[in-house]
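Below, each chain spelled out in residue letters.
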Amino acid sequence: MRMAKHGINCLELPLIQHRQGPDLNRLQSVLSDSVFDWIVITSPEAGLVFLEAWKAAGMPKVRIGVVGAGTANIFEEVLQSSKQQLDVAFAPSKAIGKVLAYELPKLGNTKCSVLYPASTKASNDIEEGLANRGFEVTRLNTYTTAPVDYVDQSILEQALLLPVVAVASPSAVRAWINLISEPKEWENSLACIGETTAAVAKRLGLKNVYYPKNPCLEGWVDSILEAVRAEEAQVV
(Lines give C-alpha, C1' and ligand atoms only; values in the text may rest on other atoms or scores of the structure.)
Protein backbone atom coordinates (compact mmCIF):
# COMPACT_ATOMS: atom_id res chain seq x y z
CA MET A 1 0.00 0.00 0.00
CA ARG A 2 2.71 2.47 1.00
CA MET A 3 4.88 1.54 -1.97
CA ALA A 4 1.95 1.84 -4.37
CA LYS A 5 1.71 5.51 -3.40
CA HIS A 6 5.20 5.90 -4.85
CA GLY A 7 4.32 4.08 -8.03
CA ILE A 8 6.19 0.92 -7.09
CA ASN A 9 4.68 -2.52 -7.63
CA CYS A 10 5.54 -5.17 -5.06
CA LEU A 11 5.79 -8.94 -5.27
CA GLU A 12 5.16 -10.72 -1.96
CA LEU A 13 7.21 -13.82 -1.20
CA PRO A 14 6.72 -15.21 2.34
CA LEU A 15 10.08 -16.40 3.66
CA ILE A 16 9.57 -17.22 7.35
CA GLN A 17 6.93 -18.67 9.63
CA HIS A 18 6.44 -18.37 13.39
CA ARG A 19 6.30 -21.38 15.67
CA GLN A 20 5.73 -22.02 19.35
CA GLY A 21 8.72 -21.46 21.62
CA PRO A 22 9.72 -23.69 24.56
CA ASP A 23 8.47 -21.21 27.19
CA LEU A 24 5.13 -20.31 25.61
CA ASN A 25 3.10 -22.48 27.99
CA ARG A 26 4.69 -20.71 30.98
CA LEU A 27 3.77 -17.20 29.86
CA GLN A 28 0.14 -17.27 30.98
CA SER A 29 0.95 -18.62 34.45
CA VAL A 30 3.81 -16.15 34.92
CA LEU A 31 1.47 -13.29 34.07
CA SER A 32 -1.15 -14.65 36.46
CA ASP A 33 1.21 -15.31 39.37
CA SER A 34 3.78 -12.50 39.16
CA VAL A 35 3.86 -8.71 38.94
CA PHE A 36 6.55 -6.96 36.89
CA ASP A 37 7.55 -3.31 36.76
CA TRP A 38 8.02 -3.60 32.99
CA ILE A 39 7.16 -6.01 30.23
CA VAL A 40 9.49 -5.51 27.27
CA ILE A 41 8.19 -6.30 23.78
CA THR A 42 10.60 -6.06 20.87
CA SER A 43 8.66 -7.27 17.81
CA PRO A 44 5.08 -7.40 16.50
CA GLU A 45 5.05 -11.20 16.77
CA ALA A 46 6.23 -11.05 20.40
CA GLY A 47 3.41 -8.57 21.00
CA LEU A 48 0.77 -10.84 19.47
CA VAL A 49 1.96 -13.85 21.47
CA PHE A 50 2.02 -11.79 24.66
CA LEU A 51 -1.48 -10.40 24.14
CA GLU A 52 -2.98 -13.85 23.71
CA ALA A 53 -1.43 -15.06 26.98
CA TRP A 54 -2.28 -11.78 28.76
CA LYS A 55 -5.96 -12.11 27.88
CA ALA A 56 -5.96 -15.76 28.99
CA ALA A 57 -4.39 -14.66 32.30
CA GLY A 58 -7.33 -12.31 32.96
CA MET A 59 -5.76 -9.12 31.61
CA PRO A 60 -3.70 -8.11 34.67
CA LYS A 61 -2.46 -4.54 34.88
CA VAL A 62 0.86 -4.23 33.03
CA ARG A 63 3.31 -1.54 31.96
CA ILE A 64 4.77 -2.14 28.50
CA GLY A 65 8.04 -0.97 26.97
CA VAL A 66 8.24 -1.39 23.18
CA VAL A 67 11.24 -1.21 20.89
CA GLY A 68 9.53 1.05 18.33
CA ALA A 69 6.38 2.29 16.63
CA GLY A 70 5.85 -0.86 14.57
CA THR A 71 5.67 -2.96 17.73
CA ALA A 72 3.53 -0.37 19.52
CA ASN A 73 0.92 -0.61 16.76
CA ILE A 74 0.12 -4.17 17.87
CA PHE A 75 -1.39 -2.76 21.07
CA GLU A 76 -3.60 -0.07 19.51
CA GLU A 77 -6.84 -2.05 19.47
CA VAL A 78 -6.35 -3.31 23.03
CA LEU A 79 -5.55 0.18 24.29
CA GLN A 80 -8.92 1.43 23.10
CA SER A 81 -10.78 -1.13 25.22
CA SER A 82 -8.40 -1.87 28.10
CA LYS A 83 -6.42 1.30 28.64
CA GLN A 84 -6.65 1.05 32.44
CA GLN A 85 -5.03 -2.39 32.42
CA LEU A 86 -2.39 -2.06 29.71
CA ASP A 87 -0.09 0.95 29.46
CA VAL A 88 2.41 1.30 26.61
CA ALA A 89 4.62 3.63 28.59
CA PHE A 90 8.04 3.63 26.90
CA ALA A 91 9.83 3.48 23.57
CA PRO A 92 13.56 4.22 23.18
CA SER A 93 14.99 7.13 21.19
CA LYS A 94 16.20 4.62 18.60
CA ALA A 95 14.36 1.39 17.77
CA ILE A 96 17.19 -0.97 18.73
CA GLY A 97 17.31 -3.47 21.57
CA LYS A 98 20.59 -2.15 22.99
CA VAL A 99 19.18 1.38 23.15
CA LEU A 100 16.03 0.12 24.86
CA ALA A 101 18.16 -1.65 27.46
CA TYR A 102 20.15 1.55 28.04
CA GLU A 103 17.17 3.90 28.26
CA LEU A 104 14.39 1.90 29.96
CA PRO A 105 13.48 3.90 33.11
CA LYS A 106 14.30 2.27 36.41
CA LEU A 107 11.37 2.53 38.80
CA GLY A 108 11.77 2.86 42.57
CA ASN A 109 14.80 2.23 44.75
CA THR A 110 14.69 -1.57 44.70
CA LYS A 111 15.50 -3.91 41.83
CA CYS A 112 13.25 -3.14 38.91
CA SER A 113 11.69 -6.33 37.52
CA VAL A 114 11.29 -6.98 33.80
CA LEU A 115 9.50 -9.72 31.90
CA TYR A 116 10.97 -10.20 28.43
CA PRO A 117 8.93 -12.52 26.16
CA ALA A 118 11.19 -13.06 23.17
CA SER A 119 12.09 -15.14 20.16
CA THR A 120 14.43 -18.05 20.83
CA LYS A 121 16.68 -16.47 18.18
CA ALA A 122 16.85 -13.03 19.78
CA SER A 123 20.29 -12.02 21.06
CA ASN A 124 21.07 -11.51 24.74
CA ASP A 125 21.61 -7.75 24.30
CA ILE A 126 18.47 -6.72 26.16
CA GLU A 127 18.69 -8.92 29.25
CA GLU A 128 22.45 -8.34 29.56
CA GLY A 129 22.09 -4.59 29.12
CA LEU A 130 19.29 -4.39 31.68
CA ALA A 131 21.07 -6.71 34.13
CA ASN A 132 24.18 -4.52 33.94
CA ARG A 133 22.00 -1.60 35.06
CA GLY A 134 20.61 -3.55 38.01
CA PHE A 135 17.32 -4.77 36.54
CA GLU A 136 15.98 -8.22 37.41
CA VAL A 137 15.09 -9.80 34.06
CA THR A 138 12.94 -12.86 33.38
CA ARG A 139 13.26 -13.96 29.76
CA LEU A 140 10.76 -16.39 28.25
CA ASN A 141 11.40 -17.76 24.77
CA THR A 142 7.77 -17.75 23.64
CA TYR A 143 8.18 -18.19 19.87
CA THR A 144 10.70 -18.92 17.18
CA THR A 145 11.07 -18.41 13.44
CA ALA A 146 11.81 -20.90 10.70
CA PRO A 147 11.93 -20.81 6.89
CA VAL A 148 8.58 -21.48 5.27
CA ASP A 149 7.96 -25.11 4.32
CA TYR A 150 7.16 -24.27 0.71
CA VAL A 151 8.20 -21.55 -1.72
CA ASP A 152 6.38 -21.11 -5.02
CA GLN A 153 9.17 -21.55 -7.56
CA SER A 154 7.51 -19.37 -10.20
CA ILE A 155 7.27 -16.48 -7.73
CA LEU A 156 10.85 -17.08 -6.57
CA GLU A 157 12.06 -16.88 -10.17
CA GLN A 158 10.36 -13.51 -10.51
CA ALA A 159 11.79 -12.31 -7.19
CA LEU A 160 15.34 -13.18 -8.20
CA LEU A 161 15.04 -10.84 -11.17
CA LEU A 162 13.71 -7.86 -9.23
CA PRO A 163 16.20 -5.02 -8.58
CA VAL A 164 15.28 -4.61 -4.90
CA VAL A 165 14.31 -7.10 -2.20
CA ALA A 166 12.91 -5.73 1.07
CA VAL A 167 13.32 -7.68 4.33
CA ALA A 168 12.12 -6.96 7.86
CA SER A 169 14.20 -9.29 10.04
CA PRO A 170 17.51 -11.16 10.25
CA SER A 171 15.55 -14.42 9.86
CA ALA A 172 14.15 -13.17 6.55
CA VAL A 173 17.68 -12.35 5.37
CA ARG A 174 18.91 -15.85 6.21
CA ALA A 175 15.90 -17.41 4.49
CA TRP A 176 16.58 -15.32 1.36
CA ILE A 177 20.24 -16.34 1.36
CA ASN A 178 19.20 -20.00 1.55
CA LEU A 179 17.04 -19.55 -1.54
CA ILE A 180 19.81 -18.02 -3.63
CA SER A 181 21.99 -20.65 -5.24
CA GLU A 182 25.00 -18.28 -5.47
CA PRO A 183 24.63 -15.42 -2.93
CA LYS A 184 27.93 -13.81 -3.89
CA GLU A 185 26.76 -13.53 -7.49
CA TRP A 186 23.45 -11.91 -6.57
CA GLU A 187 24.24 -8.21 -6.97
CA ASN A 188 20.80 -6.62 -6.67
CA SER A 189 19.84 -4.46 -3.70
CA LEU A 190 18.51 -5.41 -0.29
CA ALA A 191 16.45 -2.86 1.68
CA CYS A 192 16.42 -3.72 5.40
CA ILE A 193 14.12 -2.41 8.11
CA GLY A 194 17.06 -1.54 10.37
CA GLU A 195 20.77 -1.84 11.02
CA THR A 196 20.53 -5.15 12.91
CA THR A 197 19.00 -6.82 9.86
CA ALA A 198 21.46 -5.00 7.59
CA ALA A 199 24.43 -6.17 9.67
CA VAL A 200 23.36 -9.79 9.19
CA ALA A 201 22.99 -9.24 5.44
CA LYS A 202 26.48 -7.76 5.16
CA ARG A 203 27.99 -10.50 7.31
CA LEU A 204 26.47 -13.08 4.97
CA GLY A 205 28.11 -11.44 1.99
CA LEU A 206 25.42 -9.25 0.42
CA LYS A 207 26.85 -6.02 -0.98
CA ASN A 208 24.17 -3.49 -1.91
CA VAL A 209 22.45 -3.15 1.46
CA TYR A 210 20.28 -0.17 2.41
CA TYR A 211 18.73 0.61 5.80
CA PRO A 212 17.49 3.62 7.82
CA LYS A 213 19.48 5.02 10.73
CA ASN A 214 16.39 4.76 12.92
CA PRO A 215 14.49 1.50 12.33
CA CYS A 216 10.81 2.19 11.62
CA LEU A 217 8.26 1.59 8.89
CA GLU A 218 8.70 5.01 7.31
CA GLY A 219 12.47 4.69 7.40
CA TRP A 220 12.20 1.28 5.76
CA VAL A 221 10.08 2.78 2.97
CA ASP A 222 12.72 5.49 2.49
CA SER A 223 15.45 2.84 2.25
CA ILE A 224 13.46 0.90 -0.35
CA LEU A 225 13.05 4.08 -2.39
CA GLU A 226 16.77 4.83 -2.04
CA ALA A 227 17.62 1.34 -3.29
CA VAL A 228 15.20 1.68 -6.22
CA ARG A 229 16.72 5.02 -7.21
CA ALA A 230 20.23 3.56 -7.04
CA GLU A 231 19.23 0.63 -9.26
CA GLU A 232 17.56 2.98 -11.74
CA ALA A 233 20.66 5.16 -11.89
CA GLN A 234 22.79 2.15 -12.80
CA VAL A 235 20.44 1.29 -15.65
CA VAL A 236 20.67 4.82 -17.04
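A. Main features of the pattern of salt bridges. Counted according to the given criterion, the structure contains four salt bridges. Here Asp23 makes a salt bridge to Arg26, at a shortest N to O gap of 3.9 Å.

B. Here's a closer look at the nonpolar core. If you look at the biggest cluster of nonpolar residues, it comprises 22 residues, and the most contacted ones within it are Leu31, Ile39, Phe50, Ile64 and Leu86. Elements with a contribution of two residues or more to this core: helix H1 (24-33), strand E2 (38-41), helix H2 (44-56), strand E3 (62-66) and strand E6 (136-147). When residues of this core are assigned to their parent elements, the largest contribution, six residues, is made by H2. Other than its neighbours up to four places away in sequence, Phe50 contacts Leu27, Leu31, Ile39, Ile41, Val62, Ile64, Phe75, Leu86 and Pro117. Counting residues in hydrophobic clusters, the runner-up holds 21 residues, among them Leu15, Ala175, Trp176 and Ile177.

C. Quick peek at the sheet that holds strand E8 (residues 189-192). An order of E7-E8-E9 is seen for the three strands of this open sheet, with the pairing classed as parallel. This sheet does not close on itself; its edge strands, each paired only once, are strand E7 (164-167) and strand E9 (208-210). For this sheet the average axis-to-axis angle between neighbouring strands, irrespective of direction, equals 25°. As judged from the four bridges shared by E7 and E8, these two strands associate in the parallel manner.

D. Molecular detail of the sheet that holds strand E5 (residues 113-119). With respect to topology, six strands assemble into an open sheet ordered E1-E6-E5-E2-E3-E4, the strand pairing being mixed. Strands with a single pairing partner mark the edges of an open sheet, and in this sheet they are strand E1 (16-20) and strand E4 (86-90). Here the strands of the sheet are splayed against their neighbours by 30° on average, with no regard to which way each runs. Contacts from helix H6 (residues 125-132) reach E2, E5 and E6 within the one sheet, and its direction differs from that of E6 by about 170°.

E. Region of interest: the packing of aromatic side chains. Under the definition given, this model contains three aromatic pairs. A centroid spacing of 6.2 Å and a plane angle of 65° characterise the contact between Trp38 and Phe90, whose relative ring orientation is edge-to-face. Taken together, the residues span a long stretch of sequence, with Trp38 in strand E2 and Phe90 in strand E4 at a distance of 52 residues. Phe90 matches Trp38 in its accessibility class, with the two residues each being buried. Judged by centre distance (5.6 Å) and plane angle (75°), the ring pair of Trp176 and Trp186 falls under edge-to-face. One end of the pair, Trp176, is in helix H8 (residues 170-179); the other, Trp186, is in the loop between H8 and E8, and ten residues separate them in sequence. A relative accessible area of 10% places Trp186 in the buried class. The ring of Phe135 has Lys106 sitting right over it, with the charged end atom 5.8 Å from the ring centre.

Reading the values: the criteria
Residues numbered from 1 in each chain as written. Predicted model: local features only at pLDDT ≥ 70, side-chain atom pairs only at ≥ 80, totals over all residues. Heavy atoms only, no water. Salt bridge = Lys/Arg side-chain N within 4 Å of Asp/Glu carboxyl O. Core = buried A, V, L, I, M, F, W, Y, C linked by side-chain atoms within 4.5 Å. Buried < 20%, exposed > 50% of the residue type's maximum accessible area, 1.4 Å probe, protein only. Helix = DSSP H or I, 4+ residues; strand = E, 2+ residues; numbered from the N terminus. Contact = heavy atoms within 4.5 Å. Pairing = 2+ DSSP bridges. Axes fitted to C-alpha atoms, helices over the stretch in contact; angles between N-to-C directions. Phe/Tyr/Trp six-rings, centres within 6.5 Å; stacked < 30°, edge-to-face > 60°. Lys NZ or Arg CZ within 6 Å of the ring centre and 35° of its normal.

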